[in-house]
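# Architecture at a glance
Chain residues, written in single-letter form:
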Amino acid sequence: MAYLSDPVTILKGVGPTKAKQFAALNIYTLEDLICHFPRGYEDRTRIVSISDMEVDRPACFKAVVMNTPRTNHIRKGLDITKVQVADHSGRLNLTFFNQKFTAEQLNYGEEYIFYGTLTGDYTGYQVTSPSFERLDSAPVVTRRVLPIYPLTAGLSNATMLKTIQQAMAICDTPAEIIPEPIRRQYGILPAERAYQAIHMPSSMEEAELAKRRLIFEEFFVFSAGLSLMRASRQQKWVKPYNKKGLSAFIDAVPFALTGAQTRAIEEIKTDLCSGKPMNRLLQGDVGSGKTMVAAAAAYLAVQNGQQAALMAPTEILAEQHYQGLNKLLSPLGVRLQLLTGGMTAKQKREGREAMEAGAVDLVIGTHALISEGSAFKNLGLVIADEQHRFGVAQRQALASKGDAPHLLVMSATPIPRTLALIMYGDLDVSVLDELPPGRQKVDTFLVGENMRARVNAFIRKQAQEGHQSFVVCPAVEEAEELNIKAASVWAETLQKTVFPDLRVSLIHGQMKSAQKEEVMAAFAAGQADILVATTVIEVGVDVPNATLMVIEDADRFGLSQLHQLRGRVGRGKEKSYCILTSHNKNPETLSRLKALCSTNDGFRIAEEDLRLRGPGDFFGSRQSGLPVFRVANLACDLKTLKEAQAASVRWIEEMGTKSTPEGEVLRRRIGELFRRSAGTMN
Ligand code: ADP
Ligand code: MG
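Conventions and cut-offs
- Residues numbered from 1 in each chain as written.
- Chains lettered and ligands numbered in written order.
- Predicted model: local features only at pLDDT ≥ 70, side-chain atom pairs only at ≥ 80, totals over all residues.
- Heavy atoms only, no water.
- Helix = DSSP H or I, 4+ residues; strand = E, 2+ residues; numbered from the N terminus.
- Buried < 20%, exposed > 50% of the residue type's maximum accessible area, 1.4 Å probe, protein only.
- Areas by Shrake-Rupley, 256 points an atom, 1.4 Å probe, with all protein chains shown as cover.
- Core = buried A, V, L, I, M, F, W, Y, C linked by side-chain atoms within 4.5 Å.
- pLDDT = per-residue confidence, 0-100.
- Contact = heavy atoms within 4.5 Å.
- Salt bridge = Lys/Arg side-chain N within 4 Å of Asp/Glu carboxyl O.
- Near = heavy atom within 4 Å.
- Polar contact = N/O pair within 3.5 Å; in protein donor to acceptor, adjacent residues only side chain to side chain.
- Nonpolar A, V, L, I, M, F, W, Y, C, P; charged D, E, K, R; others polar.
- Pairing = 2+ DSSP bridges.
- Axes fitted to C-alpha atoms, helices over the stretch in contact; angles between N-to-C directions.
- Expected span 1.5 Å × (residues − 1).
- Arc of directions from axis to C-beta.
- Parallel < 35°, antiparallel > 145°, perpendicular 65-115°, else oblique.
- Left-handed = near helix turned anticlockwise from the far one by under 90°.
- Phe/Tyr/Trp six-rings, centres within 6.5 Å; stacked < 30°, edge-to-face > 60°.

What follows is about the overall build of the protein. Check the secondary structure of the protein and you find 23 helices and 23 strands. Counting every position in the protein, which comprises 682 residues, the buried fraction comes to 53%. Summed over its atoms, the accessible surface of the protein is roughly 30600 Å², and 52% of this surface lies on carbon and sulfur atoms.

As C-alpha cells, this is what we get:
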C-alpha cells in the first residue's frame, strides 16, 4: 500500500522524465494524480455491426482479420499498412499510418474488437488507425467509457490512464468529507465510488454522477471555508462605535446623498455599532457614488478614534480618491495620508511612520502598499475599492491581521449570481441601485473601419463644444508591450495627422506613476482634449467633462470590461456617448458587442459575459482572486453550488464546532483550496 502524499515516482514506469511531464500538469503526488480528472469521455460501449456503421460516428465493431496486414513504404516518414476485416454483415478496409508494428499484430483469421471512425464515400469506405484489442483481453481501449485527460507534451492519454489506475490500485482515494446524511439528502455518491467512477465509469451516466459529486465536494469545501471564516470573525468582539453623528459629514458633502447611499450608510453604521467586525460588500454600478459611502464609513471610524485604510487597485485611483477625500474630509479634522509606489522612498517611509504613530487617520493607497506589512497604530476599518482583484484569500489574510478590523469591500462590476456567491459568500451586501440625479444613459454605437472619418469628426465636435474624449486601445496582459506601442503609435497618429490643432495626451500602464498622475491630473483639469489610453483608466477615473469614450478593437475586451470603460463617461450633466470600433466580422462577436449597445444594465451584461467567456476571463484578468476549482464550472454549476452551500451551512450548524475526523480533513482541504487560490494572485 502507498499513501496519497507519496511522490508519483514510486509508481512503475514513472522515472525522472515522466515525473517532469507530470509536474508540468502540477502532479507531484499520488493524490494529485488521483485528483487529475478527465476533461471528457469517449463512449466506446456501443458495439455495431459493420453494415450499421455510420460515417463520422465513432463506434466499436467486432471483426475477423481477412488477410495478412501489408505495409507499403511510401516515402521517408510515411508507411501505410492495410488490412481487411469482416463480420457477418460485411467487409471493411482498415488503414494505418506509420503504425506498422501495431497493425502487424493483427493475426489473419483471428477476431478482434475495434474502435474507430468510418470515413469515405461511395467510392470507398475505410476506418483509419482504429484502436483494437483481443476479444479475450480486458476492455481498455474498447467496450468501455474511456476517460480523456488533460495532457502535456510527451504524455499520452493511455499512459495517464494506466498511471492513474496504478495509483488507485495501491492507495486509498481521498477521504470522505461529506457526512452520510448530507450525501443522502442531495443524492451524492460516496467519495470512494466517485473517485473510482470518475476514472473508470461503467457508463456515461455513472461518469456524470461522479462528476456531480466532485463538483459538489469542491463547492462544499469552499462554502464551508467561507462559513467558518465568517463564524470565526463573528465570534470576535470589537468595541461598538458610540459616536454615530454624521451631520457634519453630510453638511460637508457638496450634494444631497441619494436614497441608496443613505441606506447603505445606515447599514454600515449598524454594523460598526454592533460590536462585531463588519464584513460588508457595497455593490453599485459605475457612477453610483460608492466613494461617498466609503467616506462616511471612514469618517465614523475616525470619529471613534480609529484609523481607516482605503485600498485602491491602481495608483491613479488612489491618487484620485486622495484628492477628492482630502478636500471633503480634512476640513472635518481628518488627517489623510497617500501611499503609492510613485512616492519617493523617503515620502513612503514618512507616511508609514505617521501611520504607526497614529499621526494620520485615513490612509489611501494601493492594495499592495497597504497590505504589505504596513503597521497601523489602531486600524479599525479597511475599505477595498473595486475589489475584484481582491478575493477571499486576500480578505482572509487581512481579516486575520491585527484586531479584526471592520471590512468594507466595494465593487463596481455587477457580478453574476454564481460568482457573487463564490466571491462574497462570506459578506453581507449593500446595493446602490440608484444613480445620482441627472445622469443620462450613455448612447453606444458599434462601427466598422468605414466609419473612421465620422468617428474622428465626432471626436472633434466634442472638443469644439469644450468637452473631452477618451480613446482606449486594447491592452492584453500577455502582449502588453505590443499594445502600449499601439496606444502610443495611435496617439501620435491622432496628434500629427488627424487632430494637429487639438491637444492629444497619452497614458499607459508602463509609464512611471508620477508621469501617469501628471497626465491624468492635466486631463481632469481640461488641459487635453483627447486622452489615448490603455485599460489603466478602466477603474474609477472620474472626469465629468469627458463625454465621449471611443474603444478601439472593442472585440478584444470582455463585455463587463467594456461596460466599465463606458462608465468613465456620462459622469457629468452632458449627454455622453460610447463608440465601439471593430474590424471583426464574426457574427457572434458582433452580436456580443451589440448587446452592449442595447443595454446599460450591468447585471445583464455580466451574466452574458460570464456565459460567453467563462469565469476565468470574466474580470479580464486571471488575477481575480477567484478560487481555483478543478471540476466545477462557475458558468454552469449554479444549482450544485447552491445545494453545496446549503449543505455546508447545515454541516457547520450540526458539527462545525465538534472535532471529527471528517471535520479535520475538511479543514485541511479548505486550507489547500484557499492557498491554491491565493497562488493565482502572484
Ligand atoms: P463609483 O460608484 O463608480 O465609485 P463615484 O463615487 O466615483 O462612483 O461617484 C461618481 C460621481 O458621482 C462622482 O463625481 C461623485 O462626486 C458623484 N456623486 C456621488 N454621489 C452623488 C450624489 N448623491 N449626487 C450627485 N453626485 C454624486
Ligand atoms: Mg469608484
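One recurring pattern in soluble globular proteins: nonpolar side chains tend to sit buried together. The biggest cluster of nonpolar side chains holds 65 residues, and the ones touching the most others in it are Leu33, Met160, Ile182, Phe216, Phe219, Phe220 and Leu666. Ranked by residues supplied to this core, first place goes to helix H7 (residues 204–235) with 13 residues. Listed in part, the 50 residues of the second largest apolar core include Ala294, Leu310, Leu325 and Phe376.

Turning next to the confidence of the model for the protein. Confidence in the prediction for the protein averages 86 pLDDT; 89% of positions are at 70 or higher. The low-confidence segment residues 618–624, where pLDDT is below 50, has 35 contacts with residues more than four positions distant or belonging to other chains.

When the charged atoms of two side chains with opposite charge come close together, those side chains can pair. Counted under the stated rule, the structure contains 29 salt bridges. In this structure, the salt-bridge partner of Arg213 is Glu176, at a minimum N-O distance of 2.9 Å. Note that Arg213 is positioned in helix H7 and Glu176 in the loop between helix H4 (157–170) and helix H5 (180–186), a separation of 37 residues in sequence. Residues Arg213 and Glu176 agree in their burial class; the two are buried. Each of Glu176, Arg183, Arg213, Glu217 and Arg669 takes part in one network of salt bridges that share partners.

In the vicinity of ligand 1 lie 16 residues, with Gly287, Lys290, Thr291, Arg439 and Asp542 positioned nearest. In the environment of ligand 1, a nitrogen atom lies 3.5 Å from a nitrogen or oxygen atom belonging to the backbone of Thr258. Contacts to ligand 1 include Gly287, whose backbone N or O atom sits 2.6 Å from an oxygen atom. Notes on ligand 1: free accessible area 560 Å², of which the protein chains cover 85%. Its residues assigned to classes, the shell around ligand 1 comprises five nonpolar, six polar and five charged.

Our next topic: the sheet that holds strand S12 (residues 307–312). The strand order across the open sheet formed by seven strands is S13-S14-S12-S15-S16-S11-S17, and the pairing between neighbours is parallel. The sheet is open, and its two borders are formed by strand S13 (336–339) and strand S17 (428–432), each paired with just one other strand. Sheet twist, expressed as the mean angle between neighbouring strand axes with direction ignored, is 20°. Of the pairings in the sheet, the one linking strand S11 (residues 279–284) to strand S16 (residues 406–411) comprises five bridges and is parallel in character. When the sheet's bridge partners are listed, Asn279 is paired in S16 with Leu407. Sheet strands in contact with helix H12 (residues 345–357) are S12, S13 and strand S14 (362–366), and its direction is about 140° off that of S13.

Okay, H12 next. Between its first and last C-alpha atoms H12 spans 18 Å; for 13 residues at 1.5 Å apiece the expected length is 18 Å, and the two agree. Taken together, the buried positions of H12 are Gly351, Ala354 and Met355. Angular distribution of buried residues about the axis of H12 spans 100°; they occupy a single face of the element. Of the exposed residues in H12, those oriented more than 90 degrees away from the buried face are Ala345 and Ala357. The secondary structure elements touched by the buried residues of H12 are S12, S13 and S14. Positioned one or two residues after H12, Gly358 has a phi angle of 80°, which is positive.

Attention now moves to the sheet that holds strand S23 (residues 577–581). Taken in spatial order, the six strands of this open sheet run S18-S23-S22-S19-S21-S20, and their pairing is parallel. Each end of this open sheet is capped by a strand with a single partner; those strands are strand S18 (443–447) and strand S20 (504–507). Mean inter-strand twist for the sheet, computed between neighbouring axes without regard to direction, equals 20°. Here five bridges tie strand S19 (residues 468–472) to strand S22 (residues 546–551), and the two strands are oriented parallel to one another. The residue bridging Ser469 from the neighbouring strand is Leu548, located in S22. Sheet contacts for helix H19 (residues 559–566): S18, S19, S22 and S23; angle to S22, the most-contacted strand, approximately 155°.

Take the packing of helix H10 (residues 290–303) against helix H11 (residues 315–329) next. For the pair H10 and H11, interaxial distance at closest approach is 11 Å and the crossing angle is 55°. Considering the angle they form, H10 stands oblique to H11. Handedness of the H10/H11 crossing: right-handed. Packed against H10, whose contacting residues are Thr291, Met292, Ala295 and Tyr299, the element H11 presents His321, Leu325, Leu328 and Leu329 at the interface. Among the residues making up the contact of H10 with H11, the classes are represented as six nonpolar, two polar and no charged.

Our focus in this paragraph is helix H1 (residues 16–24). Every buried residue of H1 is listed here: Ala19, Gln21 and Phe22. The arc that holds the buried residues of H1, viewed along the axis, is 160°, so those residues lie on one side. Every exposed residue of H1 that faces more than 90 degrees away from the buried side is listed here: Pro16, Thr17, Lys20 and Ala24.

Taking burial as the measure, the seven residues of strand S2 (residues 59–65) include five buried ones, the bulk of the element. Sheet analysis places S2 next to strand S6 (residues 111–116), joined by six bridges and oriented antiparallel. Paired with Val64 across the bridge in S6 is Glu111. Across two bridges, S2 lies against strand S4 (residues 78–87) in antiparallel orientation. Each bridged residue has a counterpart across the sheet, and for Val64 the counterpart in S4 is Ala86.

Okay, the environment of Val302 next. Locating Val302 in the fold gives a position in helix H10. Assessed through its relative accessible area of 13%, Val302 is described here as buried. Residues Val302 and Gly380 lie 78 residues apart in sequence; the distance between their C-alpha atoms is 8.7 Å.

The next subject is the packing of aromatic side chains. Taken as a whole, this structure holds 12 aromatic pairs when the rule is applied. Ring centres 5.9 Å apart and planes at 85° place the aromatic pair Tyr112 and Phe132 in the edge-to-face group. Separated by 20 residues along the polypeptide, Tyr112 in strand S6 and Phe132 in strand S9 (residues 131–134) bring together distant segments of the chain. The burial state of Tyr112 is the same as that of Phe132; both residues are buried. Ring centres of Phe470 and Phe523 lie 5.2 Å apart, and the angle between their planes is 50°; on these two criteria the pair is classed as tilted.

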